[in-house]
Amino acid sequence: MRFNLRSSQDNSKFGVHVLVVLLGITSWSIMNGLWVELPILVVHLPEGWTLPSYLTIICQFGNIGPLVFSLLVYLTPRKKIETPTAFVIVVALTLCAALYGFLWQQRSPIGSKEHSVALMSLTLCQSIFAATTSMAYLAFMSHLKAQYIGSIFIGMSLSGLIPALAAIGQVPGEVECVTNASNITNVSLVYETRNFSQSILLDLNLLGPGMEMASNHNVDSARHLQNVNGSEVSLRHYNEEPSFSVKYFFLMLASLGGFSFLSLVLLIHHPYCKTEHVDTKKEDNCRLVQINR
């Protein structure tokens with residue numbers, strides 16, 4: 001298999017640029033994918049809208065990864081650990097994405113409450129590896145010509161764009177409130193928030209007869225209200241299912257990880273890419289990622 005595409009401006013190969021971009025896509029794609037899925041996750045998981053707070057705290061522990069990588073480079077200056085580290089990162093992130101697809105709804109009891117232990121554990125693992133990509137991928141790029149440094153950053157930027165576009169295509173369903181009573185023209189719901197003293201009044205204008213639940217709606221909650229004439233009605237909260245499930249969304253991200261793994265293998269072993277390798281002891285761009293004792 002031969003590639004003949006070559007950039008005319010800097011004497012670099014277009015195919016290598018593409019492979020480097022594919023490698024960089026893995027860096028933050030799963031983390032960004034997790035955030036864009038939150039509108040769906042909070043509906044199905046026991047933490048509800050406190051889930052983003054839990055995930056934010058867990059993600060801070062991801063800074064352990066770059067610290068460990070820096071210490072290993074400092075303590076083993078004669079060993080080139082960036083290439084095996086890049087392989088470990090790509091494989092680990094791909095596995096995390098696949099496991100998200102199958103385990104994101106798993107719950108485990110902690111005390112008297114249930115929590116999404118599987119999802120939070122996977123978030124901890126993938127945040128460590130994702131944070132390490134900022135250093136490990138750049139260290140790996142020291143084995144290629146300096147012209148390819150920009151491509152790894154392009155790939156990292158696409159790691160946020162691709163999950164966002166996929167989430168837009170997913171079209172998360174809107175919340176609907178339906179009533180089981182007919183001929184309701186005005187329903188008022190009064191409730192108190194947990195952390196504030198004031199009451200909040202919601203005027204829900206429901207016109208016409210009671211709506212029926214569509215087959216692709218899930219019952220999320222139900223509240224008993226009183227309409228203007230004092231009779232009791234039941235207001236139910238339905239959440240419409242997205243066009244494709246959370247499982248397939250994360251499996252799509254796992255497939256991106258597979259492409260990144262393949263690109264990494266080609267960058268290291270394919271003859272087309274080997275011609276772009278440099279001597280890490282002589283090339284100037286390598287000095288940017290070396291840690292001197």
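In the annotation of an unreviewed UniProt entry, the entry for the protein chain reads Riboflavin transporter, and the organism field reads Biomphalaria glabrata. Per its UniProt entry, the protein chain bears the Catalytic activity (unreviewed entry) comment "riboflavin(in) = riboflavin(out)". Per UniProt, the comment on the protein chain under Sequence similarities (unreviewed entry) is "Belongs to the riboflavin transporter family."

Nonpolar side chains in soluble globular proteins tend to be buried together. Core analysis: the biggest nonpolar cluster contains 52 residues, and Val20, Leu23, Leu41, Leu51, Leu119, Tyr137 and Leu267 have the highest contact counts within it. When near neighbours in sequence (up to four residues on either side) are disregarded, Val20 contacts Met141, Leu144, Tyr148, Ser151, Ile152 and Leu267.

Sequence positions flagged by UniProt for "transmembrane region" (unreviewed entry) are, in local numbering, residues 12-31, 51-74, 86-105, 117-140, 152-171 and 248-268. The span residues 12-31 carries 90% helix and 0% strand; its end-to-end C-alpha distance comes to 31 Å. Structurally, residues 248-268 comprises 100% helix and 0% strand, and the distance from its first C-alpha atom to its last is 31 Å.

Applying the stated rule across the entire model yields two salt bridges. Residues Glu114 and Arg107 are paired through a salt bridge, measuring 3.6 Å at the closest nitrogen-oxygen approach. For the salt bridge of Glu276 with Lys145, the shortest nitrogen-to-oxygen distance reads 3.6 Å. Remark: Lys145 occurs in the loop between helix 6 (117-141) and helix 7 (149-170) and Glu276 occurs in the segment after helix 9 (271-274); sequence separation between them is 131 residues. Given a relative accessible area of 1%, Glu276 falls into the buried group.

Now for the packing of aromatic side chains. Going through the model one piece at a time under the given rule, you end up with three aromatic pairs. Summarising the aromatic geometry, the rings of Phe87 and Phe261 are spaced 5.7 Å apart at their centres and angled 70 degrees between planes, so their arrangement reads as edge-to-face. Placement of the pair is Phe87 in helix 5 (residues 82-103) and Phe261 in helix 8 (residues 246-269), with a sequence separation of 174 residues. With a relative accessible area of 34%, Phe261 lands in the partly exposed category. Between Phe249 and Phe250, the aromatic rings sit 5.6 Å apart at their centres with planes inclined by 85 degrees, giving edge-to-face as the arrangement. Under the relative-accessibility criterion, Phe250 is labelled buried at 0%. A connected cluster of aromatic rings, assembled from ring pairs, spans Tyr100, Phe249 and Phe250. Here the basic side chain of Lys13 rests over the ring of Tyr272, its NZ or CZ set 4.4 Å away from the ring centre. Over the ring of Tyr248 we find Lys247, and its NZ or CZ is 5.9 Å from the ring centre.

Residues Ile57, Phe61, Ile64, Val68, Leu72 and Leu124 make up a contiguous nonpolar surface patch of about 520 Å² in total accessible area. When residues of the nonpolar patch are assigned to their parent elements, the largest contribution, three residues, is made by helix 4 (residues 64-75). Position of Leu72 relative to the elements: it lies in helix 4.

Right, let's talk about the environment of Phe14 for a bit. Within the fold, Phe14 resides in helix 1 (residues 14-36). Among the residues examined, Phe14 registers a relative accessible area of 48% and is labelled partly exposed.

Conventions adopted
- Residues numbered from 1 in each chain as written.
- Predicted model: local features only at pLDDT ≥ 70, side-chain atom pairs only at ≥ 80, totals over all residues.
- Heavy atoms only, no water.
- UniProt positions renumbered as here; feature names shortened; annotations may be inferred.
- Core = buried A, V, L, I, M, F, W, Y, C linked by side-chain atoms within 4.5 Å.
- Buried < 20%, exposed > 50% of the residue type's maximum accessible area, 1.4 Å probe, protein only.
- Contact = heavy atoms within 4.5 Å.
- Helix = DSSP H or I, 4+ residues; strand = E, 2+ residues; numbered from the N terminus.
- Salt bridge = Lys/Arg side-chain N within 4 Å of Asp/Glu carboxyl O.
- Phe/Tyr/Trp six-rings, centres within 6.5 Å; stacked < 30°, edge-to-face > 60°.
- Lys NZ or Arg CZ within 6 Å of the ring centre and 35° of its normal.
- Patch = residues over 30% accessible without salt bridge, like charges linked within 9 Å, V, L, I, M, F, W, Y side chains within 5 Å.
- Areas by Shrake-Rupley, 256 points an atom, 1.4 Å probe, with all protein chains shown as cover.

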